Amino acid sequence: MTSVAPIFARRQTDAHEDGNHALTQGRPAAGGLPVAVAPRPALAVKLEPAQLRPLAFRVFTKKYNLTLRSDALVVLATHIGTRCGQAWRTTAEPILDEIARSWKRLRSAEPIVDEANLLPIIKSLDIPHPARPASLVTREDSIAAAAATTAAGTGDSADASITGASLAVDPRQHLRCIDAFTQPAIRFDHVRGVFEHRPKLLKTSLAGPEARTDNLRERYHYLLARVKRHESFQRPAVLSTHLPSSTTTPRSTQETGSYHRITCIKNLLGRQGGRFMLFGLLARAPDGGLVLEDPDDCVKLDLSKAQLGGGWFVPGCFVLVDGVYTREEVLRVDAIGLPPAEPRSESRDCYAGCDFLGTAIERSHERHLRRTELTLTHSKIVICNTCHLDDPRHLAALRKCLTHYDALPDIQQPLAIVLVGDFCTTGFAGLAADTAAGIEVAGSPAYKRLWDDFAALVEASCPKLIKRTRFICVPGPNDPWTVPGSPDLHPLPRRPIPQAFTTRLARILGPSNFTRASNPCRITYFTQELVILRDDVTARLQRLNISGLCAGPAAPIDLGPGVAPIWPALNDTARTLISQASLSPFADAGGRTHDHAFAADALRLMPLPTTLILCQGGVMGDVSGKLLQTTGVALHARTQTCFPQTLLPTATQQGKEARWTQLTLHDNSIDYMSEYI
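Residues numbered from 1 in each chain as written. Predicted model: local features only at pLDDT ≥ 70, side-chain atom pairs only at ≥ 80, totals over all residues. Heavy atoms only, no water.

The residue T263 is located in the loop between α9 (251-254) and β8 (275-284) in this model. With relative accessibility at 12%, the residue T263 sits in the buried group. (Helix = DSSP H or I, 4+ residues; strand = E, 2+ residues; numbered from the N terminus. Buried < 20%, exposed > 50% of the residue type's maximum accessible area, 1.4 Å probe, protein only.)

See below:
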């Protein structure tokens with residue numbers, strides 16, 4: 001065999017012998033595959049962007065045809081200097097390669113790399129995960145390592161290494177609050193059947209006359225696509241030859257065997273006497289009657305003998321109706337129901353190429369995030385609903401809540417405390433207070449004083465929480481800027497509380513631990529997505545419900561094993577919002593939402609979130625007329641049902657009881673913490 005000159009021989013060294021390697025620190029796992037674990041303590045260096053520019057240019061521009069902006073280069077220099085230390089010249093290239101490849105997979109249509117979109121990618125890649133062969137080892141090494149792993153029989157050592165490294169991850173760095181006015185703009189292309197990023201929009205309250213129609217048409221198409229993916233609407237490979245002969249079986253099912261078929265409204269022309277299943281928008285006709293609309297046509301509905309499924313039915317909802325088309329060109333409805341919901345995992349698999357929230361997390365990387373998430377068993381958030389800062393009883397309850405968590409060990413303290421408005425019992429314009437000098441102030445000065453007093457309470461009650469917990473403030477209907485008694489003048493989504501009112505609280509907590517959120521807002525935690533909405537949506541659904549026009553009341557819904565429907569009204573609210581994939585499924589009169597496209601993005605529930613938190617104030621009327629306190633009900637996401645976990649935190653009623661809700665992010669368990677005052 002011909003010998004190879006030493007100069008041409010392959011260097012037989014371990015590619016991961018350097019303990020300061022930024023992605024493969026730690027010992028190789030079973031089978032020889034390197035595992036990206038927690039970094040060893042290394043002396044970080046201050047790396048100037050000019051020093052990293054040649055290496056970054058070779059990786060990003062020459063190899064992946066990407067252009068680095070100056071702010072992105074600064075972020076990369078800081079990250080490489082912190083992770084690699086003095087050995088950055090020999091260990092930085094694999095890190096830059098993996099970051100560049102993640103950018104190409106997630107944002108292939110954006111060749112310019114900027115700081116805002118680069119930071120989430122760097123943060124997601126900091127999670128311990130097995131090294132990717134394409135950027136860290138050669139193809140021959142990968143084949144040899146895979147063979148060694150197969151011979152070993154199991155990779156428990158690799159899992160143990162990753163699990164041990166996950167304990168060193170700071171969960172606070174992966175808790176992100178996404179504002180409704182800054183989340184990515186997404187639109188649904190019904191021709192291609194995909195969600196895609198739309199051009200950047202001007203986030204203003206004004207919209208063109210076609211905006212509402214475009215939003216409804218887009219919502220119709222992606223709900224219809226979701227309905228057709230349901231197993232009840234899919235054509236079987238082999239149709240049964242024994243069709244049901246019962247007269248009670250809908251013709252839409254008799255003709256197709258064992259599946260339902262949706263008919264367009266325009267196809268009803270000339271087919272009087274037939275039974276059809278339709279899907280469309282429930283709306284009011286000019287004469288006050290109800291009609292069903294789709295993009296092509298509309299048809300009048302006769303609901304005198306209709307049976308309703310579970311949920312609320314209001315104008316503005318998309319519904320499935322089954323009935324007979326009469327000679328009077330009216331659809332006599334026998335059954336009406338909400339479109340079936342779809343589990344979060346199935347929706348994400350269907351639209352895997354779309355990053356709905358801009359988190360820059362690859363689907364192939366989510367299992368490593370989930371593994372790390374499960375190791376952090378003490379992570380929790382706290383939701384305090386209807387925090388009236390001008391009510392001494394509410395302030396006393398907040399003080400007890402903050403003192404309770406401040407006394408816990410550091411590892412058991414919550415990651416975030418969400419304070420939900422209204423933050424005053426009346427509109428801020430009608431608010432009045434007395435100063436120390438005896439001078440009465442009203443309006444904005446009085447509202448700012450409420451926040452200053454609350455800042456003093458936080459500083460005195462929880463010195464430990466100030467350093468470790470993030471405070472998130474979500475405005476209510478009566479918070480700035482709204483006209484007292486007319487919340488319709490400020491529709492959803494609502495902008496955050498103005499910065500001028502919370503300057504003292506922000507100074508005490510610091511910029512990293514204080515967030516002024518919009519209403520609604522979204523919180524991401526590793527693989528989880530939480531949606532928080534402050535709105536009296538149940539009362540409005542009850543007021544606009546059409547059940548009085550139908551034969552019977554809505555049937556109770558099945559919440560899955562182990563979850564009993566305690567409050568039917570609240571269960572129906574969650575069922576309606578989830579099936580409509582919207583936080584405000586109303587028509588013009590009751591919607592109180594912006595017509596602009598960015599509002600549709602903020603209110604969309606597609607795919608379904610992991611947790612939906614509905615904060616409603618005060619009390620509401622039940623179907624039987626009794627007063628119910630909005631304490632809440634849980635619909636678990638990780639069961640076989642397609643409902644996300646839903647929280648409806650309680651509000652203090654008549655000063656008798658104050659509660660806050662604790663959500664443990666490890667297993668999505670809910671604890672209603674009570675304090676009697």
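Next comes the rest of the description.
Moving on: the packing of aromatic side chains. Each aromatic ring pair is specified by the distance between its two centres and by the angle formed by the two planes. Taken as a whole, this structure holds 13 aromatic pairs when the rule is applied. Centroid distance F188 to Y351: 6.2 Å. Interplanar angle 90°. Geometry classified as edge-to-face. Of this pair, F188 sits in strand β6 (residues 186-189) while Y351 sits in the loop between α10 (344-350) and α11 (366-375), and the two are 163 residues apart along the sequence. An aromatic cluster is present here, built from F188, F195, Y222, Y351 and F356 joined pairwise through their rings. (Phe/Tyr/Trp six-rings, centres within 6.5 Å; stacked < 30°, edge-to-face > 60°.)

Before going further, it helps to spend a moment on the packing of helix α12 (residues 392-406) against helix α13 (residues 444-461). Packing of α12 against α13 leaves a shortest axis separation of 10 Å and a crossing angle of 30°. The orientation of α12 with respect to α13, classified from their angle, is roughly parallel. For the element pair α12 and α13, the recorded crossing hand is right-handed. Along its contact with α12, which presents L395, L398, R399, L402, T403 and D406, the element α13 presents F454, L457, V458 and S461. Along the lines of polarity and charge, the residues of the contact of α12 with α13 split into six nonpolar, two polar and two charged. (Axes fitted to C-alpha atoms, helices over the stretch in contact; angles between N-to-C directions. Parallel < 35°, antiparallel > 145°, perpendicular 65-115°, else oblique. Left-handed = near helix turned anticlockwise from the far one by under 90°. Contact = heavy atoms within 4.5 Å. Nonpolar A, V, L, I, M, F, W, Y, C, P; charged D, E, K, R; others polar.)

The subject of this paragraph is the packing of helix α1 (residues 49-63) against helix α2 (residues 70-84). Relative placement of two packed helices is described by the angle separating their axes and the distance separating the axes. At a minimum axis distance of 10 Å, the contact between α1 and α2 shows a crossing angle of 105°. Our classification of the angle between α1 and α2 gives roughly perpendicular. Taken together, the residues of α2 that come into contact with α1 (itself represented by P49, L52, R53, A56 and F60) are L73, V74, L76, A77 and I80. Looking at the contact of α1 with α2 residue by residue, the class counts come to nine nonpolar, no polar and one charged.

So, about the environment of R522. Here R522 shows up in strand β20 (residues 521-525). Taking C-alpha positions, R522 is 9.9 Å from T611, a pair spaced 89 residues apart along the chain. Apart from the residues lying within four places of it in its own chain, the contact partners of R522 are R176, C177, I178, Q183, L357, E529, L530, V531, D601, A602, L603 and R604. Of note is the side chain of R522, whose polar atom sits 3.1 Å from the backbone oxygen of A602. Here R604 takes part through its backbone oxygen, which lies 2.5 Å from a polar atom of the side chain of R522. (Polar contact = N/O pair within 3.5 Å; in protein donor to acceptor, adjacent residues only side chain to side chain.)

With that out of the way, let us pick up α12. Over its 15 residues, α12 extends 21 Å from the first C-alpha to the last, a length consistent with the 21 Å expected when each residue adds 1.5 Å. Looking only at α12, the buried set comprises H394, L395, A397, L398, C401, L402, Y405 and D406. Buried positions in α12, seen along its axis, are confined to an arc of 165° and lie on one side of it. N-capping of α12 is provided by D391, with a side-chain oxygen placed 3.0 Å from the backbone N of R393. (Expected span 1.5 Å × (residues − 1). Arc of directions from axis to C-beta.)

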